[in-house]
Structures are given as structure tokens and as C-alpha cells.
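Chain by chain, the residues run as shown.
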Amino acid sequence: MEVRKLNDLQKLVALSKQRGFVFQSSEVYGGLNSCWDYGPIGSQLKLNVKLAWWKAMTSRNDIVGIDAAILMHPQVWKASGHVDGFSDPLVDCLDCQNRFRADTNMVDGEIVCPKCESKNLTEPRNFNLMFETYMGPVKEDASVVYLRPETAQGIFVNFGNVQASTRKKIPFGIAQIGKSFRNEITPGNFIFRTREFEQMEMQYFVKPGTDDEWFETWKKTRWDFYKTLGINQDKLRFHAHGDGELAHYAKAAFDIEYEFPIGWQELEGVHNRTDFDLSQHQKFSGKKLEYFDEANKEKYLPYVVETAVGCDRMCLMIMSDAYREEVTSKDGKEDVRVVMGFAPHIAPVKVGILPLSKKEPLKSLALKIRDDLAQNWNVEYDEAGSIGKRYRRQDEIGTPFCITVDFETSEDNAVTIRHRDSMEQERVSLDKLKEFLAPKLLA
Ligand code: GAP
């Protein structure tokens, strides 16, 4: 049997639409550029991804979670440097009118249009990536607020509140999952780069001088997280930011990159942000944000090691990594089984329940099993079409187990369980079903 991995993102886009992972937003109106909606299968996948990340962070004794507002005081973005510095150099091609980022389209030190290769371009001008809106009924400069371009600032401005309310001692971290918005000049590649996306960020507050060590610890911890998701390690690598790449707030930064079908790209960033953000908010707000170390009677502004990843980008990575085509030939004909080999704890649907016939008593028996298992897991009942086609559909959404209710079930009180990856089948009695499944569906 030949196994083919994903080599073309468009295959994933097509499967996503067909099976309900991701749809183009506002499709009936022709879609809205770079906006995507998660369907019934995709929204459950995304939720499982968030839960895995949230658990990896907040099950630790030294990390707590928060959920801050998207709209924040506009001064936050002055202090953070986003109003003045969160911009990309924008260029227009005078030949084909393509608009693109100057910094990512350089050939031998010269800017070249990625569409028509012309060098007949406008001068680069800075384009701020923050979306603006107005608070209240009057559209005037004084009422401008921004849709947050990163979740991190909601954590920095709450550092004092969280520390005081939880009495956590440094080192400790604050984790958050939430939407961010960037008016990207060139979004694209499905859910890889979009203008509205979800981030999963954790800011870890440490004593200055211990930051380098914590930076290394977090690099390793985040790499290990991807192992627990079952991601192919050969497709992951670190990329260290050189001086020219470092963000205005960072002393050091490493990306964890993944080899997507579009090539090696940033998946997650691990940044040493020093005390940049806390000192800026202290300066702009006039409020002290120092930490008092009771044991050593010391006061200081903590340094921050941050881990930041896009949830949508992580979903794309997980889907790209999980996709495989198993190709077999019979009588000169090619048969392709598409399988999304998700780790069971990430799989959107854990069990497919498939009666061999729509007729009674199989239907009622299968529905009873569905209702029972649905107390614990997201399961799917499917009675439409041949059993072979139903198995294939479950394979394409990555369901690790299918249960077939057959004509013997009412006699022997047992069902056939079919494993997604090996396609092996075994008989399991109904009273042992949950015991059988539970350990196999854990992280
Ligand atoms: N607080 C630091 C920060 O936001 P970043 O490197 O700009 O750092 C972190 O973003 C992660 O957010 C990226 O590694 C990527 O996974 C995700 N991300 C950033 N911009 C994105 C976009 N336009 N679409 C999808 N994901 C994005």
C-alpha cells in the first residue's frame, strides 16, 4: 500500500468544505476575503485543540487563566507601541495594481511585485495593522478604539489584579485564549493567515536574571506539547530570530516552525519580552505594577517569557499533519482511502455508531448506544448509505472508532468495533463498551 501525505493545500480546503471542517465565510454572497467559518466538525476540532492547550497550561500549579475584553482603553495600544509601530510597509505595483508587503517580496535587495515581477512600484508607506472602530454613537477621533491585535496586552494590564487575587508567587504565568484582529496586507493560504483569528497566549512572569533560563525551559515545554498531539517531529523545527527580525519588545525570540504544504512557516513564537510591557503600562497609566517578593523583601518589575500561537494555525497544522491517502490497487484500479489520523483526544468525533440496517430492532439499539456514549463523548449516528461508504466518511473526519450494530447484537449484546488506522475489527460486549473506549480516548 502506498501512503501519500498532504502536498496541496487545496485538497484540504476541498475536504474541509465537503466534510464540515471549514467553510468560506459569507459564501452565499461570494465570500469575504480571508474570513472562514468552522463547521460542525471543525468547530469541535478547534474546541478540542483549545482544551488541550488550556489543560497543558492551567493544569500546572504555576499558571492561571483569564478572559479579557477584546476592546481595551486606547492608551493600552499607545503604551504597547502598537499605535506607532505595528505596521507593515505597503507597496502598490504601478503595472498590475497589486498591493503587497515590501519586506516579504525582496529579490537581491530590491522590491519586486510577486504577481507580475515588475519593479515599477510606489514608495513603501507604513500601514498600521490595527482595525479601528468607534465606541458610542459619535464617530470622532476621541471615540476611536481598536480591535486588539494580540491577546497579550489583556494579560499585562491585569498582572496586578491576577497576582493580588490569586496570591501567586513569581515565577507564575497567565494564560488566555481569544480573538485577535490584524488588517493583514496579504492574508491567505486558507486559515494560515487571516484578519480575524484566535490566539492562545501565555505570559510567564519571572525574576529578572532568570529570564534566559525560563526562555529555554519554555522552548522545550512547547516543543514537548506538540509531541503529545502526535505531530510528526520531522516537520517541526526551531527558527531563531536574528536582530532584524526581533519585534520591538523582544530581547530574544524563537519560532517553532512547521512544514505546511506551503513550506516551512511560523507556527508559534516563544519570546523574551523583558519588562518592556509592564514598564510601559506603569509609565502610561501612572500605576505601580511592581511585584513585592515577601521572602527576600525585594521589589521589582518582572520579566516576561511569552508563548504565543494562533489556534487557527494550530488547527491547520494538525489537519495537514493528520491527512493521509492510503492508495491500493485492485484489478488495475486505484482505490484511495483518505484518513485524518488525529490523535484520539483531538479527534472531533470519537465514535461513529453505524447500524447495519435502518430497520428495527437495529435502529433503536444503535440510537440507545449513541445516547449512552454521548453522555461522555462527541459521537455521531449514521444510518445512510452502505457501511463501506459510512466507514470512509468517518475516516475522512478522523473518527478513531466505529461501532457497528448488526443482526447478532440483540442476541449476544455485543457490537463490532472497527479501528480507524488498522481497520481491524473486534467484538466487544455492550456492558464493557465504555471501559473499552475510555483509556483509548484520553490524551
Ligand atoms: N503576543 C505576541 C504575538 O502576538 P505574533 O508572533 O505576532 O506574536 C503569535 O503572533 C502567533 O499568532 C503566530 O505565531 C501565529 O500562530 C498567530 N498569528 C499571528 N498573526 C496571524 C494571522 N494573521 N492569522 C492567523 N494566525 C496568526
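Explain the site of the ligand to me, and be specific about the residues and the numbers.
Surrounding the ligand, one finds 22 residues, the nearest of these being Glu150, Thr194, Glu201, Glu266 and Leu267. Leucine 267 has a polar backbone atom sitting 2.8 Å from an oxygen atom of the ligand. The contact in question runs from a nitrogen atom of the ligand to an N or O atom on the side chain of glutamate 306, over 3.0 Å. If the ligand stood free it would expose 560 Å²; the protein chains cover 92% of that surface. Counting only elements with at least two residues in the shell around the ligand, the list comes to strand E13 (196-206), strand E16 (263-274) and strand E19 (303-310).

Residue-level account of the sheet that holds strand E6 (residues 99-101), with values.
The strand order across the open sheet built from 3 strands is E6-E5-E9, with neighbouring strands paired in antiparallel fashion. The open sheet has two edge strands, E6 and strand E9 (125-128), and neither has a second partner. Between one strand axis and the next, the sheet turns by 45° as a mean value, whatever way the strands run. For strand E5 (residues 87-92) and E6, the ladder comprises 3 bridges, and the chain directions are antiparallel. Looking across to E6, one finds that aspartate 92 is bridged to arginine 99.

Outline the domain arrangement of the chain, listing residues and values.
Per the domain assignment, the segments making up the chain are domain 1 (2-81 + 134-319), domain 2 (87-128) and domain 3 (349-441). Relative placement of domain 1 and domain 2: their C-alpha centres are 28 Å apart. Taken residue by residue, the interface counts 4 residues in domain 1 and 7 residues in domain 2. For the pair domain 1 and domain 2, the summed buried area comes to about 440 Å², and 67% of that belongs to carbon and sulfur atoms. Sorting the residues of domain 1 by area buried against domain 2 places Asn183, Ile185 and Thr186 first, and these three jointly supply 88% of that buried surface. For the interface between domain 1 and domain 2, the tally reads 0 salt bridges. Of the residues in the side of domain 1 that touches domain 2, the class split is 1 nonpolar, 2 polar and 1 charged.

Please give an account of the pattern of salt bridges that cites residues and values.
Under the criterion given, the structure shown has 42 salt bridges. Between glutamate 198 and lysine 46 there is a salt bridge, with its nearest N and O atoms 2.7 Å apart. Taken as a pair, glutamate 198 in strand E13 and lysine 46 in helix H2 (residues 40-58) lie far apart in primary sequence, 152 residues in all. The two residues glutamate 198 and lysine 46 agree in class, both being buried. A salt bridge links lysine 251 to aspartate 212, with the nearest nitrogen and oxygen atoms 3.2 Å apart. Note that lysine 251 is positioned in the loop between strand E14 (236-240) and strand E15 (252-260) and aspartate 212 in helix H7 (residues 211-228), a separation of 39 residues in sequence. With relative accessibility at 41%, the residue lysine 251 sits in the partly exposed group. Here the salt bridges do not stand alone but share partners, grouping Arg324, Glu326, Arg337, Asp395, Arg418, Arg420 and Asp421 into one network.

Calculation rules
Residues numbered from 1 in each chain as written. Predicted model: local features only at pLDDT ≥ 70, side-chain atom pairs only at ≥ 80, totals over all residues. Heavy atoms only, no water. Near = heavy atom within 4 Å. Polar contact = N/O pair within 3.5 Å; in protein donor to acceptor, adjacent residues only side chain to side chain. Areas by Shrake-Rupley, 256 points an atom, 1.4 Å probe, with all protein chains shown as cover. Helix = DSSP H or I, 4+ residues; strand = E, 2+ residues; numbered from the N terminus. Pairing = 2+ DSSP bridges. Axes fitted to C-alpha atoms, helices over the stretch in contact; angles between N-to-C directions. Domains from an automatic or database assignment. Contact = heavy atoms within 4.5 Å. Buried area = accessible area lost by both parts, 1.4 Å probe. Salt bridge = Lys/Arg side-chain N within 4 Å of Asp/Glu carboxyl O. Nonpolar A, V, L, I, M, F, W, Y, C, P; charged D, E, K, R; others polar. Buried < 20%, exposed > 50% of the residue type's maximum accessible area, 1.4 Å probe, protein only.

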